[in-house]
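# Structural overview for review
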Amino acid sequence: MAEVEIRTERIDDVPLLVRQQGRMGIPEVLDEVIHPHGNREGLSVGWLTTIWLSYILSEADHRMSEVEPWAENQIETLSALLPEPVRVKDFTDDRLADVLLWLNEDDIWEAIETRLGQRLVRLYDLRRRPVRLDSTTAAVYHDTEGNTLFRHGHSKDHRPDLPQFKVMLGTLDPLGMPLATLVVAGNEADDGLYVPAIRRARQVVGQGGWLYVGDTKMGALATRAFVQAGGDYYLMPLAQTGEVPGLLMALLEPVWKKQQPLERIYAPAGEESDPRGAATQKKLLALGYEVTRSQEAVVEGQPVVWEERVLVIYSPSLAKNARRGLAGRLDRAEQELRALTPPRGRGHRPWDDLEALQAVVQTILKKHDVEGLLEVSCVEEVERHSVRKYRDRSARTEERRRYVVQVERNRQAISATRRLLGWRLYVNNAPAEELSLVEAVWTYRGAPRIERNFQRLKGRPLGIRPLYVQREEHARGMVRLLSLALRVLTSVEYVVREGLQASKETLSGLYAGNPKRKTARPTTERLLRAFCDITLTVVYLEDRTIRHVTPLSQLQRRILALLGLPASIYEDLASSVGLIPP
């Protein structure tokens, strides 16, 4: 009897990821933009990158060295999924590194980002949605010598001892889908990144009527003028620096005198219910009012004059957290200041240098941001004690001087500070009929969407920390590659959630240990995990080949239906016919 060969492959979520990327146009766009040398053979750049992205998203691993053995274990599946012949050697380190070098080229990446973004905006009908802008840093263990990308700077990872690079994202609501990805040196200031990011986003969505939302670092007058000059709108809080504190006090004066009524802003419909669906009272988000003022600046040599709305907003939740933080800072500062005067005894050296002690006091006050809230005085104490006669040394009285730190809370200053907590100034140039005060508050509250992208980029599943490439051109290409993976994650999540909302249903079976738990807002990570343990088994007989794919569960079929993908992308793997037409 002839020997029977059996091959088993774990296919899991790979068919879903490959087909989703094909629908998004990732392989098509990359092949349109990247033109390798004419003598290059093997899988096209577009499909090579698609499979690499599928590996990254499926295995939560961006190491190049692991792709080739993974592809070898998936070769039957990949051969059936792709419209081109597939070889294991298509996925060597050298070929993957070539992809990173192409993505590192600014003109190539700009063309990819523009074409892909335009396609996705049309595909998901995302016209006139807010664009959010923010940056993050990623610490690395790389050597800074000879590098322009890995530099020391203000670390958002709280690792100032490590070099880092910075990533600036412009994402489109409600997906959080990246439109613009800037990778710059770790010592660059955030302020100067907003205009390039907006300029890049405009290449995708155009200009005129788009709302750009950012944090206080976006509030520079030059940035606001640039947005205004392009016919777009902006929304951001103003930093409490320069003239802003005085402006806030002036705008709050009529509020304190009860001369200025405040509009009450409640949570949007749907947010006032608890997780079990029971109706609750309306949730108060904020109080506020607005004024207008004239602004003028020069953009590219041309004067720009416009009317700007200043929104005076009070957030009860922000005030509560800020008061708790202030109380903690005051307590910690007091403890550290009082510890400067330890009890008398061995091992406790008294302070005898007034200037040195005062310098330490100021450092503590600045560290806890309580300058002016604590009144600290350094009082000199003189202690006299008798020294008895000993041998030829006569009895005498000695004086010891030390400085004692005394701390008192400035109740009036603390009260004035507490009164301001929770109040912020926002600026916006959109007409009130386009973006009301209430809508502005609702819109700004969506900021966590972009933070979620940073969590995915720096943690699971993309895991840019630690970074497994050394050369800075590879690092830049890798970040851009992972931003393509972010597009896949956000698009899958958006489509499924929109489908569930439209059909007013939920999904269950996504939570390990609690299969009956339901959700209408599943994450892409949980959706992909639902496709675990799907296998392709191939039995090679002497006269024929038998293929078998693990039958799909009802949950898996429902997820595919919500994504608009047919179950045949799995079922047809049982045949040898390619699933994706060229």
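Read on for an overview of the structure. These numbers come from a predicted model, not from an experiment. (Residues numbered from 1 in each chain as written. Predicted model: local features only at pLDDT ≥ 70, side-chain atom pairs only at ≥ 80, totals over all residues. Heavy atoms only, no water.)

## Here we look at the overall build of the protein
The number of helices and strands found in the protein is 19 helices and 16 strands. By its C-alpha atoms, the protein is 115 × 75 × 55 Å across when sized along the principal axes. For the protein, buried positions account for 49% of its 582 residues. Counted over contacts in the protein with a minimum sequence separation of 6, partners at least 24 positions apart contribute 69%. For the protein, the accessible area works out to roughly 29,300 Å², and carbon and sulfur atoms hold 48% of it. In the protein, which carries 81 positive and 79 negative side-chain charges, the distance between the mean positions of the two groups comes to 9 Å. (Helix = DSSP H or I, 4+ residues; strand = E, 2+ residues; numbered from the N terminus. Buried < 20%, exposed > 50% of the residue type's maximum accessible area, 1.4 Å probe, protein only. Contact = heavy atoms within 4.5 Å. Areas by Shrake-Rupley, 256 points an atom, 1.4 Å probe, with all protein chains shown as cover. Lys, Arg positive; Asp, Glu negative; His and termini not counted. Charge placed at Lys NZ, Arg CZ, Asp CG, Glu CD.)

## Things to note about the sheet that holds strand S4 (residues 177–185)
Within a sheet, each strand pairs with its neighbour through backbone hydrogen bonds, oriented either parallel or antiparallel. Taken in spatial order, the nine strands of this open sheet run S4-S3-S2-S5-S6-S12-S9-S8-S7, and their pairing is mixed. Each edge of the open sheet carries a strand with a single partner, namely S4 and strand S7 (263–266). On average, adjacent strands in this sheet sit at an angle of 30 degrees to one another, irrespective of strand direction. Of the pairings in the sheet, the one linking strand S3 (residues 164–172) to S4 comprises eight bridges and is antiparallel in character. Bridge pairing links Leu-169 to Thr-181 in S4. (Pairing = 2+ DSSP bridges. Axes fitted to C-alpha atoms, helices over the stretch in contact; angles between N-to-C directions.)

## Details of the pattern of salt bridges
Opposite charge on two side chains allows them to pair when their charged atoms are near. Counted by the stated rule, this structure contains 36 salt bridges. The salt bridge involving Arg-87 is made with Asp-90; its shortest N-O contact spans 3.1 Å. Relative accessible area serves as the criterion here: at 40%, Arg-87 is assigned to the partly exposed category. Judged by relative accessible area, Asp-90 falls into the buried class, the value being 0%. Ionic pairing is found between Glu-336 and Lys-367, a salt bridge with its closest N-O pair at 3.2 Å. Taken together, the positions of Glu-336 in helix H11 (residues 316–338) and Lys-367 in helix H12 (residues 354–367) put the pair 31 residues apart, joining distant regions of the chain. Using a relative accessible area of 27% as the deciding quantity, one classes Glu-336 as partly exposed. Take Lys-367: its relative accessible area is 57%, and that puts it in the exposed class. A single network of salt bridges, built from pairs that share partners, joins Lys-156, Lys-166, Asp-190, Asp-215 and Lys-217. (Salt bridge = Lys/Arg side-chain N within 4 Å of Asp/Glu carboxyl O.)

## Section: the sheet that holds strand S16 (residues 545–549)
Sheet architecture is open: three strands sit in the order S1-S15-S16, paired in antiparallel fashion. Each having just a single partner strand, strand S1 (5–10) and S16 make up the two edges of the open sheet. If you compare each strand with its neighbour and ignore which way they point, the axes differ by 15 degrees on average. Summarising the sheet, strand S15 (residues 535–540) and S16 pair through five bridges and their orientation is antiparallel. If you follow Tyr-540 over to S16, its bridge partner there is Thr-545.

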